[in-house]
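Residues per chain, in single letters:
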Amino acid sequence: MINVREKLIMANCKLSEKFLNLCVVFLLGISLCCLSYSQDSELSIRNDLVAVPVTVFDRQGRLIGSLSEKDFEIYENGELQEIVEFESAREPITIVFVLDLSLSMIPYLNKMADYANTFIDGLQEEDCIGIYGFYDDLQELWPIVKRSRITVPVKIYGKGARTALYKSIKSVIDRVNTIKQRKAVILFSDGKDTFGGVSSKDVLRKVSESDAAFYVLQFGDATISKNPYYDPGENAYPSGDTLTSSDNIISRRDLLILGPDTRQKKINEFMTQLAERTGGRYFRSAEIEDFQEAFNKILQDLSAKYYLYYYPDREPKRGEQRSIRIKVLKDGMVVTSRTSVLYKQ
């Protein structure tokens, strides 16, 4: 006969077997759910979301910051695209300063710090600020933090003789591309690159892949006059012209035949393209005091900048470049925006 102890053992074994079967069924269900979720997720993932910074003016040059998503249309290569996300001018933005710390800029950095501090004071508490400098490489001077956490004035000091402008722009683009919210880069430099092994063509391709608007402050070249302040606001929308690879590179033969001004013209074209390709603005002056007004204009511009997002209807090829055009569905509006997108290779 089976005693009570053996009956209890047999009962426990049956319960354990049932519990084990239930666990197997439960785990199998989880695995199937996870597999299904993984398959669905894989089908829905896209990496070709395009962000387009947009600024809108009226015909008198006044900024318009009160538009909504329904007021815009996006065209890629002439084809209407669906706007999948819209960020208004009132949402927080991250501003990244990129400052030339080479020897030629050292006498002017104190003034530039004063203008930058006044600019930072004019931002919203939820906006974010980061400051980088460069000479032979990109250096982090101030990590990206909220405006509310900046409690002391920013100070900027010069560093070295060499100028790795192109290399530093590529590096800062890699860093800002990780930022998810609206973003803009303010670049201060004379535009000369003397070190780093990166071409201007490479940089312009890189900015065409980025969704950060570049505001370019070009200072101190020898080919401009006493009062050469250039404000694209008077001619608010870019022409859409782009530099070809041959236009974009200055050769030793050009210098010998055409003289040193040719190099400066290439620099000016490059700096202009940084702004125009990204929906930013370009300012140039031989007088450091002019940039105080430039900072005021940038602050006004950012307070009215929208970001529109879309997925291309036609799947792009790797390395393919397409044109972008923004249309505002209200009369009398003038638009500056990113003019093209280069899909990553």
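In the block above lies the structure referred to throughout.
Cut-offs and rules
- Residues numbered from 1 in each chain as written.
- Predicted model: local features only at pLDDT ≥ 70, side-chain atom pairs only at ≥ 80, totals over all residues.
- Heavy atoms only, no water.
- Helix = DSSP H or I, 4+ residues; strand = E, 2+ residues; numbered from the N terminus.
- Expected span 1.5 Å × (residues − 1).
- Buried < 20%, exposed > 50% of the residue type's maximum accessible area, 1.4 Å probe, protein only.
- Arc of directions from axis to C-beta.
- Pairing = 2+ DSSP bridges.
- Axes fitted to C-alpha atoms, helices over the stretch in contact; angles between N-to-C directions.
- Contact = heavy atoms within 4.5 Å.
- Right-handed = clockwise from strand over helix to strand, strands pointing away.

Caption draft 1: Quick peek at helix H3 (residues 165-176). For H3, with 12 residues, the first-to-last C-alpha span of 16 Å sits near the 16 Å given by 1.5 Å per residue. Considered for burial, the residues of H3 that qualify are Leu165, Tyr166, Ser168, Ile169, Val172, Ile173 and Val176. The buried residues of H3 occupy an angular sector of 160° when projected down its axis, which confines them to one face.

Caption draft 2: Here's a closer look at the sheet that holds strand E9 (residues 213-219). One open sheet holds the 6 strands; their spatial order is E7-E6-E5-E8-E9-E10, and the pairing between them is mixed. Because the sheet does not close on itself, it has two edges, and the strands there are strand E7 (138-146) and strand E10 (281-285). Shown here is a sheet whose adjacent strand axes are inclined to one another by a mean of 10°, direction ignored. As paired strands, strand E8 (residues 182-189) and E9 are joined by 6 bridges and run parallel to one another. Bridge pairing in E9 links phenylalanine 188 to leucine 217. Across the face of the sheet, helix H7 (residues 290-302) comes into contact with strand E5 (93-100), E8, E9 and E10 while running at roughly 170° to E9.

Caption draft 3: Examining the pairing of E8 more closely. Where burial is concerned, most of E8 is hidden: 8 out of the 8 residues are buried. Burial of E8 is two-sided: the residues Arg182, Ala184, Ile186 and Phe188 facing one way and the residues Lys183, Val185, Leu187 and Ser189 facing the other way are all buried. Summarising the sheet, E5 and E8 pair through 7 bridges and their orientation is parallel. In the sheet register, phenylalanine 97 faces E8, and the bridge partner there is isoleucine 186. Taken together, E8, helix H4 (residues 200-209) and E9 form a β-α-β motif whose crossover is right-handed.

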